[in-house]
Structure formats: C-alpha cells, structure tokens
Amino acid sequence: MPKQTFILNGKPTTVDVHDDVRVLWVLRDLLGVTGPKYGCGINVCKACTSHINGKAFNPCSVRVGDLAADDHVTTIEGLNDTVGKDLHPMQEAWLDRDVPQCGYCQPGQIMAAVALVRKVRREGRSIRDSDLDSIRNICRCGTYTRIREAIEQGARHM
Amino acid sequence: MAKDLGVPLEACHMGCTLSVSTEPDLPAASGVDRRRFIGYVIGGTTLVAAADLVAPVGSANAAIPSIPQPAELYDLNDLLTQATLPTSNLISIAVHEDGTASFALPRMEVGQGITTSTAMLIAEELELPVGKVKVTLAQARPELLFNQLTGGSNTTISTYTPIRVAAAVARSALLDAAAIALGDAVENLVARGGVIQARDGRSVSYGELARSAASPSTKRVEVKLKDTSEFRVVGVGHKRVDARDAVTGKKKFTTDLQVKDALPTMVCRAPTPNGTPKRLRNKAEILRMPGVTHVAKVDTGIAVRAQTFGQCIDAIRAMRVEWNPGPVAGLSDKDIVAKLRAAELPMPSLPDNPLAELLEADFLFYFRSNSAMDTNSAIADVRADRATIWSGLKSPATAQARIAEALGMSASQVTVNVVTAGGSFGRRLFFDGALEAAKISQAMKKPVKLMWHRADDARVGRGHPMTTSRIRVLHAAGEVLAFQQSNTSVETDFRHGLGDIITAMGADLPAGLGNLGFAETVFALTQEIPYNFGVVLQTLVETEERFNTGSMRNIYSPDTRCANELVVDQLAKKMGKDPYEFRKSFLKNDRVIAVLDKVAQAGSWGRPMPKHMAQGIAIHKEYRGVSACLVEIDCRPQTVNRDIRDGVGGPRVTKVTYAIDVGLVVNPRGLEAQMQGGINDGIALALTSSMHLRDGHFLEASWDNYFYTRQWNTPPEVKVIVMPSDSTQPGGAGEAGVAATFAAVACAYARATGTMPTYFPINHREPLEFKVKPFVPPIPQSPTNGLKLTY
C-alpha cells in the first residue's frame, strides 16, 4: 500500500493507505484525529472544515494521494498551536459567547470562521453581514446567532 | 474499557456516595412546607442516597368561560413527571476524596444543556462550585422504569426536586461529619464553595470529609431545601460545562470513540424506504475490495465493515443487490394527501346561531426530517454470551430490552452505554442505529462502528409525519362562539413508550391500536387553545403506519399552533381588530398576556414596514411555559429571488423578538440558546424544509437538498427575553422556541404577501430546487475537487 506523507498539526505524518481514500477518513479512522466531523461526505455540510496551508478546506472531498509531503493540514486540534496559545482567539470568542449546543458542527464552524476572517483581511476589509450570510457550515441546533456574534468578537482579537 | 473512553459508567465507585431518599414531610401540624423532605444516607463504606418523591402535582383551576382542556389541567409533563416518581429514589450523588461530586444523570445530553443545568442544581444545594460537579450520563438502567426517558422537555421539571434533595442530604451529611471534625455544632458551621468553616475560622474541605461522612448503616435524614430567594447559582447564566471540549475538538460522540476492533461499518439500503434485501450478487467481489473485512446481510440491508468509512462507501456503491420493495413503493405526496383526506372525520356540529358567521380554514403540513448532524450511529460488540453497545439514546432501557430480544439474550447480558449525541430533535427517542449495529456485530462476529450515511439518515431516517389541520370558527358580534380544530396525520411512532419496555410493548399492540392510544394521549396532554373561544374542541386522527416517523421537536404543537394562529389573524381581520389587540383581549392567561405585551413593546409592534415586508405576532403555551414571538419578514422580490448555490433563499426573516416565561429558570443562558435554536427550527418549518415523497422515494438526500435554516436564512437580529418569574418550579425549555416562531413567521408571510398560506413549508410545491441524487447506488460518492475550493 502506498505511503502517504503530509504535515498534520505541525508534525510530519506518514500513513499506509490507498491514494483515493479521502483525507477525512485518514484523519478519523486511521489516525484517530476526530475533531473534523462527518456530516455529509459530499462537501455540503462543512462539519469537517479544516485548514490546508492556512486556508479552509473540506477533507471529505480531497484524496489523500493529492496531498504533498509539505502540505500543512491543520485540524481543530492544532488550531491553538498556530498562535502558540492554549486557545485561538476564535475559540476564546466561542467560549465567551457560549456558542456550542450539541457541539458536533462547532470544530468546523470555528475553522471556517478563522479562514473567513483571514480571507477578508487579505481583501483588505473587515467582516460584513454578507460575509456571515455566506458561511455554508450548517448547524442543526441553530446556533447561528451566537456564531455571528463570536466571529465578530474573535476577529477583533486575531 | 468504557471508562477509559470517557463513556460514563457508575458514578459511585469511590469516596462517598450519598443516596438520598426523599419523601415530602407532611405532618398535619406543619401544613405545606414544600421545602422539607426526608432523605436517606444509605449505609456502607460509601455514602448512597436515594429519594421517594410522591409529591402532589399542582393543577390550574382558574374560572374561565371555555371549559378547560385536558392540557391546561394535566399536561404531558405531569404525566412524565408522575411516571418518574416511584423510581426517583434510585438516583444518587457521590462526593469524592478529591473534593468533587459526581452524578450519573439518567437522561440524555443532545445539546440541550441538561448536564450544565444539573451541575448547577447540585452546586446550589451542595455549596460546591459548578466546576467541581461532574455530570455524566447513566448507562441503561431498566430498574428506573419510566425514569430514563429524555423527551417532552421534561428533564428539568422531573429531576429538579430529587436532584436538589440528594445534594442537600449530601451537604447535611458533610456538615454532620464536619461538626465532629471541627468540634462545633452544625448550626455554627457554614458550608460554602466546597469548604466547611467553623466560627473560629478553622475549616475542613469536602474532600477531607468524604470518607467520614459515609454512614455504616442507613440513616433517615430530614433536609430543608434552599428557598429560591437564597439561590446564588440557579437563575444566574452559566456557560456550558462541555463548551471547552466542544471548541477544542475533544468532545466525543459515538463515532469518535475508539473501541478495539470496532471497524467502520455501513449499510447498503434498498432504493425504497424499508425495502429488504433478497441477495447480494457480487459478495466475493466486494470482499476483495481494498480495506473490506466483512460483508453480512441483515434485515435492513447489506452491511460492510472496512478499515475506513470511505472504503465502506466504495463497497456499497459497487454492490449489486436484489431487493424486495418497501411498503410505500410507488407512492407520492399526493397519494398520502388523498389518504389523509379520506381519513378525515366530519367536524362536529356547531351551536345553532342564525346571526353567527362561520370561518373555515384547511392546512397541509408536508413530511419533515429530524435528521441531526450526528447521523444514526452505534458501536456494538456482540459476543456469544454478552453484548456491549455505545450509542446516543434517549430511551436506553427500551433499547436494551429490544436489542436483547433481537440477539436472543436476556437484558442483563446487554450493557448499553449512553454517549452524548450531536443533536436529537426527537430522532434519538428511537435506537435504530444501535439495534442495527447489534444485529450486524452478531452476524459478522466482530465489533462494529456503525455509521449511517447522511443520505440514509435523511431518506430512511425518521421524520415528522404529514398532517392536515382543519379549523372551523363560529363568531358573532365580536365574540367567538366555538373553535374546532381537527388534525389528521400519518401516524407518529411512539413505540419507544416512556423509556421502559412495559409501555413500549403497550404502544406496540397489533393494528396500531396501542400507538394510537399513546398518540391521542400525547395530543390531548399537549394541545390547548389558550383563548376564550367559547366551545373549544381539538381532535387528532392518525392513519397510515408505513412510514418511519417519530416525535420531532415539539411533536404536534408547531403545526397545530401555526394553523390556529393564522386563523386568529383571520378572525381579527374579520372583526376589524389589530392582531395584537385581538389576542390580548381574548387570551385567558395573564402569563401569556405578559409575554405578548413584552414582544409587542420590545419589538415595536405596528411600526410601519415597506411594501412586501411585514410583522407577525403569535403566542404559545405548553409544558408549563408560555411564549410569544414577533417577527419581521422580507418578501421583496430581490430578497426572495436571491441566488444561493446548493440552497434556497426565499423570504428572509430579518428580526425576531421572543419572550419566554418557563417559570423558574435554572440557566438563563441555556434557555436563551434553546430559544434561538427553536427560532431557527420554526423558520425552517414555515419557509424551507420538507421532504418530498415521489414514486416511493423521499428525494432529499443531504443538506444541499433538505433546506434547514442556514446563515443566509437566519435572522440578523434576534432578541430573546427571559421573563422574570416568581414561580418556584421550572417548566420545559427544549422545545418552547419552535411553535410560536413557526406561527409568527406564517402570520408575517400572510401579511407581507396578502395571501394566507395553506400548506407548509411555503416553498414545497415550487419546482424542486435541487437535482435529485440517485437511489441506486443509495449513497453518493465523495467528491475529489476539495483542493480547488479552498478559501
């Protein structure tokens, strides 16, 4: 079986698995990294949202064979390390606003929020209502109101 | 093993456990002191405490022109609470040598926040910081009978007193032990923050007292609960106790658990719901596929176990299976509507009044899905002589009995661990995943981690049945003489009973008779017209039991309330009255009037709105709580016709003002969160989310087909007002946000468009806004273009 190598949460990681297995299953089923959640497997619910080289991506829709050895994959478990703290400012905001209910979608929500803030910064602006409306991560508990509040708060400390 | 996984086991295995048995202290002389209870510190090296609560249930008996409906006098929560009384003595709180307390809650946390509110109740009476109270979920405990069902918004109502009594007995035993340790009388000691202090300043911690507080023999103890005016924790907003785990990815759901050899497992299902497999034609080929270890036929389909779920998906898509069609093969929405129409009973006769006018309305509510983010899943390890199950279960004792029956074992051979779940919305009252996982593990002779694909969870999972609601109102001279509402519905499955096997069997009597009785009871105990509308009658007929249904958040109330609040608006219009003023003048209950007034004022009822935009106002009363909702909706063409990729725009609710009075509030932050969630549910029911049955298939297969409220639909402005209450008893919170919102959105939509909608959701009959995914193979392949979509 091919050896797949990439950098997971800052650590070079190698795993024996066929090229076409999606990264989500490599993370969850083979490496035991369960922060990214399964919610659809077809890149519409966004519960598995993680980062690749600092940008949001959905590991349910990427073959592990398409990762390069120097690709940095960051899951919710490694988000805090990107700022060298116990918690990323977005996680702090999530706690302050007491966003989670069941919590299942929240790792993906937070990873999407961080990427969204970075994206609008690259565009030289701050978060608008229309940016919040564009977030595709579904939350069946309906925590949307607090998610919106937390993103604006987290962005101020990023 | 389970303990290492963070799966809750027994609470009282170390230190001291206080078993509190409480019974109301009702000596004739003392009159009614509802704060005094008897508890038991049960003998042993550990303290065990239990509670005998046979408290009278309060009833309302205000003088009102309409004869009280059953739900006013005795609602579903009275039934659920009384059902728990005989066994509430079997719950216990443990105090440990590390100074923490623990409690295995015989309920299910699905996001509604009951582990947080329970920790707060214990912290309050035990005088311990909330952070030192560990609340886990109890395993299936059949001896609890009716006391292990999570439903009907009943958790806090039914456990509020027993849990506090247990904590108070624990505090009392600790104070007794401290009196000896500190050489001072109990009345001179102060317990605070897990430390007991004497007058001279010397102190001893709960951890130090944990052993000495245990009693060698069972002791009867009288305790007095705190007065609500003394509360310091209860009533003050507290963040969720599991929030940090949730935001760091550490919170474990069933499929996150690592159980040895429990490899990923999925099921290939029939193209029509509840179809059954005849045979797999290419088993050898499937077994040769990468990662695949086992294939087995079970009654629900062909199961495959592999190294990864992705390889299960590949295998399912490659399977060539011959099927027996399911029982609704070939049927469509229109066939079921016709069946409901045929089952509708004639409305009863109305009072004979030649001057009266008749107002009639007829509504249709399509099928809806209660699929949660966390699909049906379970881990099962079935051996020859025993079985262990891990799953998110709201009726674990019924699940245990049914699984044992399916495996040919006794219930005592089946251990059922309850795992926190990613949402429920009624779905987890049943145990479809756990039962299926057990059968698969038995067939494969291997542990399995079963996960339903989203497409199965959406198409084959349970949902809210299709329902019609007919209303007739007789009115004359500004008075309502009679109000009749008759619902006719596809059966709502209540075969989980009250969480125990006895009532579950009762609900499973032949020909649906048992379930119908259950459904009628739930309907009668939850539905109520809270207006002075003369002769009021609400009835339910259920028919058609071939669908996978169950309670969906707030069961009958959202549809029923939506229908009758739309008619209330029609009545107001006929009488030339403002909808808010009309409601205010006809409402029976001061608490309902108070929440109505609150939203009208806080939400600026009656403010001018642009063309195609409007306000809607509605109320709801249930589960000992009352609520009112004022929404503003934007139905302007540029909003309705927004282009949303893989989703629907449609009218946008722009602002919601919601007032809730549930009586005593344990955790206002948790209550606010529940209302916000309920608001999004109500919006989805009114505008966007439904299941289409076509040619024997439910079409919706994922979140790009089933349009639950998304960020582009959610109101940018939401204000939840928790009403102050001098009540000493809590009401139900988990479902209280849905019905009034659904009704208010419908009323606002009617006003903005000038047309009262008669079916829901309002977009159901538009051309389908998605491309239907195939039924063979039953699940879609994962895309591979994710790296092109980064941001």
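Residues numbered from 1 in each chain as written. Chains lettered and ligands numbered in written order. Predicted model: local features only at pLDDT ≥ 70, side-chain atom pairs only at ≥ 80, totals over all residues. Heavy atoms only, no water.

Student: It is not clear to me how the pattern of salt bridges should be interpreted in this structure. Could you clarify?
Tutor: Side-chain pairs of opposite charge can arise where the charged atoms are in close proximity. Considering all chains together, one arrives at 57 salt bridges over all chains under this definition. Between A:Asp16 and A:Lys3 there is a salt bridge; the shortest N-O distance is 3.1 Å. With A:Asp16 in strand β2 (residues 11-16) and A:Lys3 in strand β1 (residues 3-8), this pair connects stretches of sequence that are 13 residues apart. For A:Asp16, a relative accessible area of 40% gives the class partly exposed. Owing to a relative accessible area of 60%, A:Lys3 belongs among the exposed residues under this scheme. Salt-bridge contacts for A:Arg125 lead to A:Asp131; the nearest nitrogen and oxygen are separated by 2.7 Å. We note that A:Arg125, like A:Asp131, is buried. Salt bridges here are not isolated pairs; linked through shared partners, they connect B:Asp432, B:Arg462, B:Glu491, B:Asp493, B:Arg495 and B:Glu545. (Salt bridge = Lys/Arg side-chain N within 4 Å of Asp/Glu carboxyl O. Helix = DSSP H or I, 4+ residues; strand = E, 2+ residues; numbered from the N terminus. Buried < 20%, exposed > 50% of the residue type's maximum accessible area, 1.4 Å probe, protein only.)

Student: Can you walk me through the interface of chain B and chain A in this structure?
Tutor: Bring the parts together and some accessible area is lost; that lost area is often taken as the interface size. On the chain A side, the residues contacting the 75 residues of chain B number 69 residues. Approximately 6100 Å² of surface area, both sides summed, lies buried where chain B meets chain A, with 56% of it carried by carbon and sulfur atoms. Of all residues in chain B, B:Met373, B:Gln711 and B:Tyr791 give up the largest surface area on contact with chain A, accounting jointly for 16% of the area buried on that side. In this assembly, chain B and chain A are joined by 5 salt bridges. Here A:Lys37 and B:Asp256 are joined by a salt bridge, their closest N and O atoms 2.5 Å apart. Scanning the region where chain B abuts chain A turns up 30 residue pairs in polar contact (both at pLDDT 80 or more). Elements that contribute at least two residues to the side of chain B that touches chain A include exactly α6 (243-248), α8 (309-318) and α19 (668-687) of chain B. (Contact = heavy atoms within 4.5 Å. Buried area = accessible area lost by both parts, 1.4 Å probe. Polar contact = N/O pair within 3.5 Å; in protein donor to acceptor, adjacent residues only side chain to side chain.)

Student: Honestly, unusual backbone geometry in this entry has me stumped. Any pointers?
Tutor: With glycine set apart, most residues show a phi of negative sign, and most peptide bonds adopt trans. The amide bond that connects B:Phe760 to the next residue, B:Pro761, takes the cis arrangement and shows omega of -5°. The omega torsion across B:Val776 and B:Pro777 is -5°, close enough to zero to call that bond cis. For B:Pro777, the position within the fold is in the segment after β32 (759-760). With phi around 50°, A:Asn9 is a residue other than glycine that occupies positive phi space. Within the secondary structure, A:Asn9 is located in the loop between β1 and β2. Phi at B:Ser604 takes a positive value of approximately 55°, unusual for a residue other than glycine. Take B:Ser604: it is sitting in the loop between α17 (590-602) and β26 (613-622).

Student: It is not clear to me how the confidence of the model for chain B should be interpreted in this structure. Could you clarify?
Tutor: Regions with low pLDDT carry predicted coordinates that are not meant to be interpreted in detail. Residues and elements named next belong to chain B. Per-residue confidence for chain B gives a mean pLDDT of 88, with 88% of residues at or over 70. In the predicted structure, residues 1-32 sits below a pLDDT of 50 and forms 115 contacts with residues beyond four places in sequence or in another chain. Below a pLDDT of 50 lies the segment residues 52-65, which in the model reaches 27 contacts outside its immediate sequence neighbourhood of four places, other chains included. Across the interface, the model reports ipTM at 0.98; the global pTM reads 0.92. (pLDDT = per-residue confidence, 0-100.)

Student: Would you mind going over the side chain of A:Arg28 with me for this structure?
Tutor: You can see A:Arg28 is positioned in helix α1 (residues 23-30). Residue A:Arg28 is classed as buried on the basis of its relative accessible area, which comes to 3%. Here the side chain of A:Arg28 touches A:Pro36 through a polar contact of 3.0 Å, landing on its backbone oxygen. Every residue in contact with A:Arg28, bar those within four places of it in the chain, is listed here: A:Val33, A:Thr34, A:Pro36, A:Lys37, B:Thr255, B:Asp256 and B:Gln258.

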